Amino acid sequence: MTLHPPHSLLAELTHRCPLQCPYCSNPLELTKKSGEISTDTWKSVLSQAAELGVLHIHFSGGEPTARPDILELVSHAREVGLYSNLITSGVLMNEGRLDALLEAGLDHVQLSFQDCEAENADRIGGHKGGHAKKLDLAREVRARGAALTVNAVVHRQNIENVPKFIDLAVELDAGRLEVAHVQYYGWALKNRAALIPSREALMKATEEVAEARERLKGQLVIDYVIPDYYARYPKPCMSGWGRVGICVTPSGKALPCHAAETITGLEFDNVADKTLADIWETSSAFQAYRGFDWMEEPCRSCERREIDWGGCRCQAFAFTGRAEATDPACSKSPMHGELVELAMEESTAPPPEFAYRRIGAA
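Residues numbered from 1 in each chain as written. Predicted model: local features only at pLDDT ≥ 70, side-chain atom pairs only at ≥ 80, totals over all residues. Heavy atoms only, no water.

(A) Spotlight on the overall build of the chain. For the chain, the count of helices and strands is 13 helices and 9 strands. In terms of overall dimensions, the chain has a C-alpha envelope of 55 × 45 × 40 Å along the principal axes. Nonlocal contacts in the chain, meaning residues at least 24 apart in sequence, comprise 74% of its contacts between residues at least 6 apart. As displayed, the chain has an accessible area near 15400 Å², and 50% of this comes from carbon and sulfur atoms. Treating the 38 positive side-chain charges of the chain as one cloud and the 50 negative ones as another, the clouds have centres 1 Å apart. (Helix = DSSP H or I, 4+ residues; strand = E, 2+ residues; numbered from the N terminus. Contact = heavy atoms within 4.5 Å. Areas by Shrake-Rupley, 256 points an atom, 1.4 Å probe, with all protein chains shown as cover. Lys, Arg positive; Asp, Glu negative; His and termini not counted. Charge placed at Lys NZ, Arg CZ, Asp CG, Glu CD.)

Now the structure itself:
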């Protein structure tokens, strides 16, 4: 496989977050503030990313604005020619801080919503008054002419509001709406039974998104990510392991995907010790499932191997204990039936209470 430069860098600046979302995809063991890499190290990473060919920098977390150096990092991203996207809960922002970020060179704001109805949204996020702050921030972003994406995190306890999410994105004048069903890694896996929707609810939501895409063509771009547990074929996770992007954690570990640390046995290089280019080209973790040589049957000879790239290694590991196994989301997997049966069983039983994670206030 020919190795091309990565397109994007996901910069997870911190795991600190004022929200307590039960579907958080960050690892179970979070990095403390004292373990975060320095401003100078992050600036070096951004410079190296630009030199390597990265085009987009996504500042994420946790809550990226919990770091006081966010303005300096956004400014540096602009200096080295990276298009910057802030992935934020919005609850730590105000007009003054938004203006400062935009002046520093921020290009895009991606704002997460837990629901369209304030009471349920605040319950899911575990942050009273959070929904109102998000609405205010979204309107201020568009009032300043900045690009806005609404990220709607969907699961069984808000899936009936998919049409309202679409209406909300239109009302807020967002350019893009991401309807993202929860993916079951990290803390979300602990809450799967409380989060996974029924097949019937998923099909209805999928039809609603399809109708809206047609109706709002040219006005609103709608991305749609379904839960793999009901898929016939797996999603092309990260467009293939180690093919298009790099994720750097708060402690400086460079990962092929956001959830890669869930796979035990992999060793991840740190940006404080090696250059980004060296990691991209030679890291054992990036090489592990890159290309096709690692694939077993039926993946190795499958006609879809350059479409879904074997699916998700983290999901394969979580469900089978082997990252090399066929992703059980694929209908060709011998364990596909077990995955579907589990989804049907959990989604039709009464949902348990959320297990909230207490990340620590920013």
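(B) Spatial organisation of the nonpolar core. With 81 residues, the main nonpolar core has Leu9, Phe59, Leu177 and Ile246 as its most contacted residues. Leu177 has contacts with Val150, Ala152, Phe165, Ile166, Ala169, Leu220, Val221, Ile222 and Asp223, leaving out every residue within four places of it along the chain. (Core = buried A, V, L, I, M, F, W, Y, C linked by side-chain atoms within 4.5 Å. Buried < 20%, exposed > 50% of the residue type's maximum accessible area, 1.4 Å probe, protein only.)

(C) View of the pattern of salt bridges. Evaluated as defined, the whole model comprises 21 salt bridges. Residues Arg67 and Glu36 are paired through a salt bridge, measuring 3.4 Å at the closest nitrogen-oxygen approach. Of this pair, Arg67 sits in the loop between strand S2 (56-60) and helix H2 (70-79) while Glu36 sits in the loop between strand S1 (8-12) and helix H1 (39-52), and the two are 31 residues apart along the sequence. Between Asp223 and Arg176 there is a salt bridge; the shortest N-O distance is 2.9 Å. (Salt bridge = Lys/Arg side-chain N within 4 Å of Asp/Glu carboxyl O.)

(D) Molecular detail of the packing of helix H6 (residues 162-171) against helix H9 (residues 199-215). Running from amino to carboxyl end, H6 crosses H9 at an angle of 25°, the nearest separation of the two axes being 9 Å. With respect to H9, the element H6 is oriented roughly parallel. Note that H6 runs across H9; the crossing there is right-handed. Residues Val162, Pro163 and Ile166 of H6 form the contact with H9, whose own contacting residues are Ala205, Glu208, Val209, Ala212 and Arg215. Looking at the contact of H6 with H9 residue by residue, the classes come out as 6 nonpolar, no polar and 2 charged. (Axes fitted to C-alpha atoms, helices over the stretch in contact; angles between N-to-C directions. Parallel < 35°, antiparallel > 145°, perpendicular 65-115°, else oblique. Left-handed = near helix turned anticlockwise from the far one by under 90°. Nonpolar A, V, L, I, M, F, W, Y, C, P; charged D, E, K, R; others polar.)

(E) Quick look at the sheet that holds strand S9 (residues 254-255). A sheet is described by the order of its strands in space; here 9 strands give the open sequence S7-S6-S5-S4-S3-S2-S1-S8-S9, paired in mixed fashion. Across the chains shown, the open sheet's two edge strands, defined by having one partner strand only, are strand S7 (221-225) and S9. The pairing of strand S3 (residues 83-88) with strand S4 (residues 108-113) spans 4 bridges and is classified as parallel. If you follow Ile87 over to S4, its bridge partner there is Gln110. On top of the sheet, H2 reaches S2 and S3; it is set at about 175° to S2, its chief contact. (Pairing = 2+ DSSP bridges.)

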